[in-house]
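Structure assessment
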Amino acid sequence: MSDADVLVVGAGPTGLFLACDLLRRGVACRVIEQRRERTATSNALAIHARTMELFELAGIAGEFVRAGYAVRSLAISADRRRLGRLAFDDLASTYPFVLMLPQSETEAILERRFNELGGIVERGCQLLALEQDAEGVRAAVRVQGGSVQTVRAPWLVGCDGAHSVTRHALNVSFAGKSYDEGFILADVRMRPRAPDDEVAIEIGRDGLFGLFPIRSGHYRIIATVRPEERAAPDLQEIQALIDRRSPVPAPVEELVWSSNFRVHRRMAERMQIGRVFLAGDAAHI
């Protein structure tokens, strides 16, 4: 396979933004991605002001603003009693808000920009192993069709997520712990009696409950649950959770998507070994 200055492993938001930044600076790079399709679900939603400033430097902030939904404040309550409200208006930034945008759309914007700059994501390509010396890195990559080829590059950046093959190949420890709590999340359509540009957080006896606007009438719910409740909830279970714990209860019109997860706190022992770097969830979660 042809050479490049940098081989980027992983086409999530971190890998795609890095690839765009390299190309706009005249650094030739290649991006390989094991998934054959982009993320289709909302996953990570919140884009903060500093990230927007970096998008502006890359010439893509405007497209994000047009696609996303600006959240202007955060309200915190306990047992449905308002404790306080944090407004983002005074942030010392051109972007005094948190921009809510599904990860699927974030990846689509970044990949379009990568294509405009002359790059293409090579999907269905899986990193198997790597070795390096003073001159560069040699990566064994299984490509579509199943054959294994060698990619040579002076540098490699592993942006391949929490289960990073790059990190394992470097034998770098991922020290930390898993929290005891389980979490569920759901994207729903509903119309609570609350500002539709404000995040609502409830700290109650049953744990944490968060209501995050994705756009008007469309919300992300995140809540802690007991270990035995960690299965992805259905609409009836989501409604019961809202009735019991939401600071702004309302009927759910539609359950778009739901999932469950555990939270881990981990960091790679090192983020660079020789000519190989770790970035994004491969480096810290």
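Residues numbered from 1 in each chain as written. Predicted model: local features only at pLDDT ≥ 70, side-chain atom pairs only at ≥ 80, totals over all residues. Heavy atoms only, no water.

Another point: the sheet that holds strand S14 (residues 198-204). Within the open sheet, the seven strands sit side by side as S6-S5-S14-S15-S16-S13-S17. Their pairing is mixed. Strands at the two margins of the open sheet, each flanked by one partner only, are strand S6 (81-87) and strand S17 (252-268). Looking at each pair of strands side by side, their axes are set apart by 20 degrees on average, direction ignored. One ladder, built from 14 bridges, connects strand S13 (residues 174-190) with S17; its direction is antiparallel. Bridging across to S17, Ala-175 finds its partner in Met-267. Strand contacts of helix H6 (residues 235-245): S13, S14, strand S15 (207-215), strand S16 (218-225) and S17, with the helix running at about 75 degrees to S17, the strand carrying the most contacts. (Pairing = 2+ DSSP bridges. Helix = DSSP H or I, 4+ residues; strand = E, 2+ residues; numbered from the N terminus. Axes fitted to C-alpha atoms, helices over the stretch in contact; angles between N-to-C directions. Contact = heavy atoms within 4.5 Å.)

Our focus in this paragraph is the packing of aromatic side chains. With the rule as written, the count across this model stands at five aromatic pairs. Taking the centre distance of 4.2 Å and the plane angle of 20 degrees together, the rings of Phe-55 and Phe-64 count as stacked. Residue Phe-64 is classed as buried on the basis of its relative accessible area, which comes to 0%. Centre to centre, the rings of Phe-183 and Phe-261 are 5.2 Å apart; their planes meet at 15 degrees, and the pair counts as stacked. Taken together, the positions of Phe-183 in strand S13 and Phe-261 in strand S17 put the pair 78 residues apart, joining distant regions of the chain. Residue classification places Phe-261 among the partly exposed residues on the basis of a relative accessible area of 27%. Chaining the aromatic ring pairs together yields one cluster made of Phe-17, Phe-55 and Phe-64. Stacked on the ring of Phe-174, the Lys or Arg Arg-167 has its end atom at 3.6 Å from the ring centre. Over the aromatic face of Trp-155 sits the side chain of Arg-275, whose NZ or CZ is 4.6 Å from the ring centroid. (Phe/Tyr/Trp six-rings, centres within 6.5 Å; stacked < 30°, edge-to-face > 60°. Buried < 20%, exposed > 50% of the residue type's maximum accessible area, 1.4 Å probe, protein only. Lys NZ or Arg CZ within 6 Å of the ring centre and 35° of its normal.)

With that settled, consider the state of the cysteines. A complete count under the given rule lists zero disulfides for this structure. Lacking any disulfide linkage, Cys-29 is separated from the closest cysteine sulfur, that of Cys-20, by 8.2 Å. Residue class for Cys-29 comes out buried when judged on its relative accessible area of 11%. (Disulfide = S-S within 2.5 Å.)

One finds Met-52, Phe-55, Phe-64 and Phe-114 to be the most contacted residues of the largest nonpolar core, which totals 29 residues. Elements with a minimum of two residues in this core: strand S1 (6-9), helix H1 (13-24), strand S2 (29-33), helix H2 (49-57), helix H3 (61-67) and helix H4 (103-116). Among the elements that take part in this core, H1 stands out by supplying six residues, more than any other. Excluding residues that lie within four positions of it along the chain, Phe-114 makes contacts with Ala-19, Cys-20, Leu-23, Cys-29, Val-31, Gly-119, Ile-120 and Val-121. (Core = buried A, V, L, I, M, F, W, Y, C linked by side-chain atoms within 4.5 Å.)

On to H6, then. Among all positions of H6, only Ile-238, Gln-239, Leu-241, Ile-242 and Arg-245 are buried. For H6, the arc enclosing every buried residue in end-on projection is 160 degrees, short of the 170-degree limit, so these residues lie on one face. Tucked inside the fold, the buried residues of H6 contact S13, S14, S15, S16 and S17. (Arc of directions from axis to C-beta.)

So, about the environment of Gly-118. With respect to the element layout, Gly-118 can be found in the loop between H4 and strand S8 (121-123). With a relative accessible area of 64%, Gly-118 lands in the exposed category. Residues Gly-118 and Cys-20 lie 98 residues apart in sequence; the distance between their C-alpha atoms is 9.5 Å.

Where H1 contacts H4, the two axes come as close as 9 Å, and the packing angle between them is 20 degrees. In terms of their interaxial angle, H1 and H4 are classed as roughly parallel. Of the two elements, H1 crosses H4, and the hand of that crossing is left-handed. On H4, the residues that touch Pro-13, Leu-16, Phe-17, Ala-19, Cys-20 and Leu-23 of H1 are Gln-103, Thr-106, Glu-107, Leu-110, Glu-111, Arg-113 and Phe-114. Residue composition of the contact of H1 with H4, by class: eight nonpolar, two polar and three charged. (Parallel < 35°, antiparallel > 145°, perpendicular 65-115°, else oblique. Left-handed = near helix turned anticlockwise from the far one by under 90°. Nonpolar A, V, L, I, M, F, W, Y, C, P; charged D, E, K, R; others polar.)

With respect to the helices and strands, Ala-108 occurs in helix H4. Through-space distance from the C-alpha of Ala-108 to that of Glu-131 is 32 Å; in sequence the pair is 23 residues apart.

The next point concerns a nonpolar patch on the surface. Side chains of Ile-76, Leu-83, Ile-203 and Leu-208 sit close together on the surface and give an oily, nonpolar patch of about 320 Å² of accessible area. Relative to the helices and strands, Leu-208 is located in strand S15. (Patch = residues over 30% accessible without salt bridge, like charges linked within 9 Å, V, L, I, M, F, W, Y side chains within 5 Å. Areas by Shrake-Rupley, 256 points an atom, 1.4 Å probe, with all protein chains shown as cover. Salt bridge = Lys/Arg side-chain N within 4 Å of Asp/Glu carboxyl O.)

Turning to the pairing of S16, a few remarks are in order. Along S16, seven of the eight residues are buried, which leaves the element largely enclosed by surrounding structure. Bridge count between S13 and S16: eight bridges; the pairing is antiparallel. Among the inter-strand pairings, Leu-185 is bridged to a residue of S16, identified as Ile-222. Judged from the six bridges that link them, S15 and S16 form a sheet pairing that is antiparallel. Each bridged residue has a counterpart across the sheet, and for Gly-210 the counterpart in S16 is Ile-222. Here S15 folds back onto S16 in antiparallel fashion, the turn holding two residues, of which Gly-217 has a positive phi close to 80 degrees.

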